[in-house]
Structures are given as structure tokens and as C-alpha cells.
Amino acid sequence: NVHSYAGSKRTQLRALATSKGKRLWQSESGPLSVTLASNTDAAIFMAGRIIQDLRELQPEAWIEWQVVDPGATWTSFTVNDAQETWTPVKRFYAQAGFSRYIRPGATFVDINNADMVAALAGDGSALILVVRNGDSAASKSFTFDLTSLPTLGASIDVYRTSTSEDLVNLTAVAVQDWNFTATAPAYSVTTYVIPLGG
């Protein structure tokens, strides 16, 4: 059981837990000691933290500090106690790009980019790819080689959170010759659900 506010030995801890036959949880994280100007900044920052944890620590569970907090960069919801109402904010949508699609039972697979994480659904129905572009000024384009997959559907579902989008379901991306090209806008978190079937 570990908190991931900081630290540099995620891979070593994963190896230790595996060698001892222990499950490993990340049970608390957030932008501690990090100056962020807005909840959008926090959303992009935390997407990077989640990706780092999933790639290096590979925990069986990844748990937020708490989803409601008085600090604007720590919360996933704004809450009106008097009216008993709540509203999701940017950080909620960015993190939902992970939690709605990478579900219990998924297996993480290697991908050679520190701003991406890939997971195979537990039932083998899809490969989920989450891409973070932390650059606040420039978009980035990527071509994904899917030739190592045994089967592949014709199109890929895309969901994005950015400065102007809240986990929006975008137009599906076509697969051509076992690869696809996609552009991640500046300051965005994009989830690709790649079906593994004809």
C-alpha cells in the first residue's frame, strides 16, 4: 500500500511486491507541493501521475486522495452543501478517461511513450489506450502500429477531455493496414477503445 505524491522507486516497489506474491495498491495521490493555476491544470497533471503510476507501479488499485476537496486543484466536483448539489469539473472528466474504460481485470501492456498507457480488457474484447498531451500550446500526432494484435475491428472509439471538451465521444477513427494516426490537441487526455474483433 503506497501513496504516489512523489518518489522514484515505483518499478522497484512493483518488483518487490511481485517477488513476495503481494497485491500492490496506490491508495492516495494528488498535486501535493505542486503549484497549479486551475482545475484544468490539475486534470492534466493528474493524468500524468496516473499514467506514471500505471506504467511503473502497476497497482491492482489506483485510488484518489478524495473526490471532493475545498482546494480547487484537488477536487473532482464542486459542491454546494446548502443546496446538496454537486457539479463535476475538468479533473473528474480527465480521470474518467481512465476509470470508465480501463476496468477491473485489465492487463497493462508495454507502449513506448511515457505519456501513454495501454491495457487489454479482462475479457479480451478491446485494447484501451490513453494518451496525455501535457503541452499547453501544441498538438501532437502519433501513428499507432497494431500489427501485434491477433484481430482488429474496423474503427476505434475516441473520447477526449481538453480545455474545451469534457470526455466527449468523438468521431470514430478508421483503421487502415493495421495502424491508425491520431492527433492529440494541446492540454488533452484522449482515450482510444480499440476493438479486438472483426
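A short tour of the structure in this document, coming up.

Cut-off values and rules
Residues numbered from 1 in each chain as written. Predicted model: local features only at pLDDT ≥ 70, side-chain atom pairs only at ≥ 80, totals over all residues. Heavy atoms only, no water. Salt bridge = Lys/Arg side-chain N within 4 Å of Asp/Glu carboxyl O. Helix = DSSP H or I, 4+ residues; strand = E, 2+ residues; numbered from the N terminus. Buried < 20%, exposed > 50% of the residue type's maximum accessible area, 1.4 Å probe, protein only. Phe/Tyr/Trp six-rings, centres within 6.5 Å; stacked < 30°, edge-to-face > 60°.

### Re the pattern of salt bridges
Side-chain pairs of opposite charge can arise whenever the charged atoms involved come near each other.
Alright, step 1. Within this structure, the stated rule accounts for five salt bridges.
Alright, step 2. Glu60 is the partner of Arg14 in a salt bridge, and the nearest nitrogen-oxygen pair spans 3.6 Å. Remark: Glu60 occurs in the loop between helix 2 (39-57) and strand 3 (61-62) and Arg14 occurs in helix 1 (residues 10-19); sequence separation between them is 46 residues.
Alright, step 3. Classification of Glu60 as partly exposed rests on a relative accessible area of 46%.
Alright, step 4. The closest approach of N and O atoms between Asp115 and Arg132, which form a salt bridge, is 3.0 Å. Within this pair, whereas Asp115 is found in the loop between strand 6 (107-109) and strand 7 (116-120), its partner Arg132 is found in strand 8 (residues 126-133), the two being separated by 17 residues in sequence.
Alright, step 5. According to the relative accessible area criterion, Asp115 is partly exposed, its value standing at 23%.
Alright, step 6. Here Arg132 falls in the buried class, since its relative accessible area comes to 16%.

### A closer look at the packing of aromatic side chains
Alright, step 1. Within this structure, the stated rule accounts for ten aromatic pairs.
Alright, step 2. Centre to centre, the rings of Phe144 and Tyr192 are 6.1 Å apart; their planes meet at 50°, and the pair counts as tilted. Taken together, the positions of Phe144 in strand 9 (residues 140-145) and Tyr192 in strand 13 (residues 188-195) put the pair 48 residues apart, joining distant regions of the chain. Residues Phe144 and Tyr192 agree in their burial class; the two are buried.
Alright, step 3. With 5.4 Å between their ring centres and 55° between their planes, Phe180 and Tyr192 make a pair best called tilted. Here Phe180, found in strand 12 (residues 179-184), pairs with Tyr192, found in strand 13; they are twelve residues apart in sequence, far enough to count as distant.
Alright, step 4. The class for Tyr192 is buried, based on a relative accessible area of 2%.

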